[in-house]
Amino acid sequence: CSRDACLPNACSRDAGATTLPVTAVSGPLRVLWIGRCIPEKRALEFAEAAALACEIVGADRLEVTIAGAGPLLARVRRMAARASGVRVLGRVENAAVAALLASHHASALSSFGYDNQPMTVAESVTALRGVIYVDPRLREGLDTAGIFVDDCSVEGMAAALIGLALDPQPVIEASSRAITARTVFAPGTHAEAMGAVYLAHPHGHTPVDAE
């Protein structure tokens, strides 16, 4: 972002137009991780945590989907193969993201100290899905619809997934809170904020989105 302003990313409301909030979890809790399979996103650590959690609670209680391409994809696939409850899709088209979110109960964000405002948060919250995350510095959308995990280690993330699989109430509550939280990512909200910044700094630096 610029020295003058940092605005949340905008996400089309169409991304969640047909998605209903999660009101119950019948069958396994379904968690979606989506992003680049790179070290900065901690894709391998999350895959290990997901495999460990699924090994402990079983695929009838927890299913984890990892979507995205990148240099760590092959290692992520090998790690995920340890547990039947983890599947790796590889690269997915942007148009498929909304459907993936709709078919899961929550998304997960495992990066720590790398992202300043991941677009996946905007997409998840707009689709009324809570976000399981580990970086306390992230705020937009997550301060309302996030499920914070205060231990970013493999074991800490696995414990969080296990806990949510056994008691998904926090996932249901985060989805409900996303109804309000998604307004921060609405195009209209973004346009109003951008206009206000330009009016306040007509000759200053141009504000940019966080990502």
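Remember, it's a predicted structure, so these values are computed and weren't measured experimentally. (Residues numbered from 1 in each chain as written. Predicted model: local features only at pLDDT ≥ 70, side-chain atom pairs only at ≥ 80, totals over all residues. Heavy atoms only, no water.)

**Points about the pattern of salt bridges**
- Enumeration over the complete set of coordinates arrives at four salt bridges.
- Between R82 and E55 there is a salt bridge, with its nearest N and O atoms 3.3 Å apart. Here R82 is found in the loop between α2 (73–80) and β4 (86–90), whereas its partner E55 is found in helix α1 (residues 43–57), with 27 residues between them in sequence.
- Overall, R82 belongs to the partly exposed group, its relative accessible area being 41%. (Salt bridge = Lys/Arg side-chain N within 4 Å of Asp/Glu carboxyl O. Helix = DSSP H or I, 4+ residues; strand = E, 2+ residues; numbered from the N terminus. Buried < 20%, exposed > 50% of the residue type's maximum accessible area, 1.4 Å probe, protein only.)

**Topic: the sheet that holds strand β3 (residues 62–67)**
- One open sheet holds the six strands; their spatial order is β4-β3-β2-β5-β6-β7, and the pairing between them is parallel. A strand with exactly one partner marks an edge of an open sheet, and here the two such strands are β4 and β7 (146–148). Within this sheet the neighbouring strands show an average axis-to-axis angle of 25°, counted without direction.
- Most of the contacts of helix α6 (residues 154–166) go to strand β2 (residues 29–34), to which it runs at about 145°, and overall it touches β2, β3, β6 (130–133) and β7.
- Packing of helix α7 (residues 169–181) onto the sheet brings it into contact with β2, β5 (106–109), β6 and β7, and relative to β7 it is tilted by some 140°. (Pairing = 2+ DSSP bridges. Axes fitted to C-alpha atoms, helices over the stretch in contact; angles between N-to-C directions. Contact = heavy atoms within 4.5 Å.)

**A look at the side chain of T65**
- Tracing the backbone through its elements, the reader meets T65 in strand β3.
- The buried category is assigned to T65, whose relative accessible area is 4%.
- Of the polar contacts made by the side chain of T65, one reaches the side chain of R87; its length is 2.9 Å.
- In contact with T65, other than residues within four places in its own chain, are V31, L32, W33, R87, L89 and H104. (Polar contact = N/O pair within 3.5 Å; in protein donor to acceptor, adjacent residues only side chain to side chain.)

**Re the layout of surface pockets**
- Here the largest pocket is characterised by a volume of approximately 350 Å³.
- Around the largest pocket, the lining comprises 17 residues; the ones closest to its centre are I34, G35, R36, N94 and T120.
- By residue number, the principal contributor to the lining of the largest pocket is helix α4 (residues 119–126), which donates three residues.
- Residue composition of the lining of the largest pocket, by class: seven nonpolar, four polar and six charged. (1 Å grid on protein atoms, 1.4 Å probe; cavity = no way out; pocket = protein on both sides within 12 Å on 5 of 7 lines; lining within 4 Å. Points joined across faces, edges and corners; volume = space filled by probe spheres on them. Nonpolar A, V, L, I, M, F, W, Y, C, P; charged D, E, K, R; others polar.)

These figures come from the coordinates and say nothing about function on their own.
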